[in-house]
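# Architecture at a glance
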Amino acid sequence: MRTFITLIFFSLVIFFLDGRGLLDGPKGIVQTVTVPVQYSLYSAKLGLEEVFSFLTFWKSGEKRIKNLEQKNLELLAGENKAKATEEENIILRKQLGVNPKPATRLLPATVLGTLRYLEIGVGGNDGVAEGMAVIYLNNLLGRVEKVTPKASFVVLLSDPQSKVPVKVGSARGLVSGQFNSSMVLDHIAQTEEISDTNPVLTSGEGESFPPDLVVGKVGKITSVETDLFQKAEVISLVDVNKLTTVFVVQ
Amino acid sequence: MITKLYYSAFTVGLLFDILFGRRLGTLTTIYLLMVLILDLAGTKFHLSRPVIIAYIILFQILIYYGSLFIG
């Protein structure tokens, strides 16, 4: 019983000290070894999942490929249109004497795991700070919640802690996380029209996230006309569980 | 009392805390309490050491997968 009491006392002391951030130094040293191990474990898990997903692919594979090919054609057409608009935008900015948008620095980070938080292999030593946005191909994944010297923890958009001011077309609203599995778009006035053709983008309000990052697309509308605000599901375009590299916006 | 099991629960808990990005001390406390309960139950129900160790490994696997899914 003495061993148990001594060890539980040590555990509680460690728990308390870590909560105060007094163990960040030793933790940084240990992370030098554990971060590569975590990365290897996570990569192995993704590899295994890929093997098993291949086994179930034959069921819906052909239909999905056809859909993707169709979508790809639509996107190619959209891309050309977007390029032309961007060029026009640059010319107009020059002509009107408006400063170009400030360039953001992106810090690449390897994914170490996804439990409640997304753990990434960059930390305070790399210049990561709490509150920074984490993205993948212009899709917002979340914001840095906790930073250790060599790793950081990202609150995902599906986390109940997460609240992001967004815009859908001309409408403004708020996307909140639900039980770590889905996102809900709320606070959209009933007079506004929302549809799945418009992407859900960050509005940049409150300076919590840079504007125009993709949050997802509008799914099923769950509110009724008598509700004060419109409510809808938001479907993420990125599967966080399959990512190996993400970017921290500095 | 199986002293070695308490030390291993402490060490494994600490390692898993780091690997799972939890606050240090969380899993060490859970593991120590788990070993204590199994140790006391083992004495009460006259379980042999291998059976107690098997239970501990089983609980560790459950906690590991619980951590993966619950977060």
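Residues numbered from 1 in each chain as written. Chains lettered and ligands numbered in written order. Predicted model: local features only at pLDDT ≥ 70, side-chain atom pairs only at ≥ 80, totals over all residues. Heavy atoms only, no water.

### Re the confidence of the model for chain B
Here is the rule we go by: In predicted models, pLDDT denotes the confidence assigned by the predictor to each residue on a 0 to 100 scale.
For chain B, the average pLDDT comes to 79, and 87% of its residues sit at 70 or higher. Across the interfaces of the predicted complex, the ipTM metric reaches 0.78, alongside a pTM of 0.68.

### A look at helix H1 (residues 2-19) of chain A
For the record, the criterion: Segments assigned H or I by DSSP are reported as helices when at least four residues long, segments assigned E as strands when at least two residues long, and all are numbered from the N terminus. Each residue after the first adds 1.5 Å to the expected span of a helix.
For H1 of chain A, built from 18 residues, the straight-helix expectation of 26 Å at 1.5 Å per residue is met to within 8% by its first-to-last C-alpha distance of 26 Å. Positive backbone phi, approximately 80°, marks Gly 21 of chain A, located one or two places after H1 of chain A.

### Section: the packing of helix H1 (residues 3-19) of chain B against helix H2 (residues 26-44) of chain B
Residue and element names in this part refer to chain B. Keep this limit in mind: Every axis in this analysis is a line fitted to C-alpha atoms, fitted for helices over the stretch in contact. Angles between the N-to-C directions lie between 0 and 180 degrees. Orientation is classified from the angle alone, with under 35 degrees giving roughly parallel, over 145 giving roughly antiparallel, 65 to 115 giving roughly perpendicular, and any other angle giving oblique. Put simply, a crossing is left-handed when the front helix is turned counterclockwise from the back one by less than a right angle, and right-handed when it is turned clockwise. Whether two residues are in contact is decided by their heavy atoms, any of which lying within 4.5 Å being enough. Residue type decides the class: Asp, Glu, Lys and Arg count as charged, Ala, Val, Leu, Ile, Met, Phe, Trp, Tyr, Cys and Pro as nonpolar, and the leftover types, Gly among them, as polar.
Remark: H1 packs on H2, axes separated minimally by 7 Å, with the N-to-C direction vectors making an angle of 150°. Comparing the axis directions of H1 and H2 gives the class roughly antiparallel. Between H1 and H2 lies a crossing whose hand is right-handed. Residues Leu 5, Tyr 6, Ala 9, Phe 10, Val 12, Gly 13, Leu 14, Phe 16 and Asp 17 of H1 lie in contact with H2, whose contacting residues are Thr 26, Leu 27, Thr 28, Tyr 31, Leu 32, Val 35, Leu 36 and Asp 39. A breakdown of the residues in the contact of H1 with H2 according to their chemical character gives 12 nonpolar, 3 polar and 2 charged.

### Section: the pattern of salt bridges
Quick note on the threshold: Definition used for salt bridges: Asp or Glu carboxyl oxygen within 4 Å of a side-chain nitrogen of Lys or Arg.
If you walk through the whole model with that rule in mind, you get 6 salt bridges over all chains. Residue Asp 18 of chain A is joined to Lys 27 of chain A by a salt bridge in which the shortest nitrogen-to-oxygen separation is 3.1 Å.

### Description of the nonpolar core
What counts, and what does not: For the purposes of this section, nonpolar cores are sets of buried Ala, Val, Leu, Ile, Met, Phe, Trp, Tyr and Cys residues that join through side-chain atoms within 4.5 Å. Each residue is assigned to one of three classes by its accessible area relative to the maximum for its type, calculated with a 1.4 Å probe on protein chains only: buried under 20%, partly exposed between the two thresholds, exposed over 50%.
By size, the foremost hydrophobic cluster in this structure holds 26 residues, and its most contacted members are Tyr 6, Tyr 31, Leu 32 and Ile 56 of chain B. Secondary-structure elements contributing two or more residues to this core are H1 of chain A together with H1, H2 and helix H3 (49-70) of chain B. Listed in part, the 21 residues of the second largest apolar core include Ala 133, Leu 140, Ile 194 and Val 234 of chain A.

### Some words on the side chain of Thr 28 of chain B
Residues and elements named next belong to chain B. As a reminder of what qualifies: Here a polar contact is recorded for every N or O atom pair within 3.5 Å, except that within protein the pair must consist of a potential hydrogen donor and a potential acceptor, and residues adjacent in sequence are included only if both atoms are side-chain atoms.
Structurally, Thr 28 can be placed in helix H2. Residue Thr 28 is classed as buried on the basis of its relative accessible area, which comes to 0%. One polar contact links the side chain of Thr 28 to the main-chain carbonyl oxygen of Gly 25, over a distance of 2.8 Å.

### A short note on the interface of chain B and chain A
As a reminder of what qualifies: By definition, the buried area sums, over both parts, the 1.4 Å-probe accessible area that each loses when the two are put together.
Facing the 23 residues of chain B at the interface are 23 residues of chain A. Of the roughly 2,100 Å² buried where chain B meets chain A, counting both sides, 77% is carbon and sulfur surface. Considering only the surface of chain B that becomes buried against chain A, Leu 19, Arg 23 and Leu 24 of chain B emerge as the three largest contributors, covering 28% of it. Counting across the chain B and chain A interface gives 0 salt bridges. For the interface between chain B and chain A, the tally reads 3 residue pairs in polar contact (both at pLDDT 80 or more). Counting only elements with at least two residues in the side of chain B that touches chain A, the list comes to H1, H2 and H3 of chain B. For the side of chain B that touches chain A, the element with the highest residue contribution is H1 of chain B, accounting for 7 residues. Looking at the side of chain B that touches chain A residue by residue, the classes come out as 13 nonpolar, 8 polar and 2 charged.

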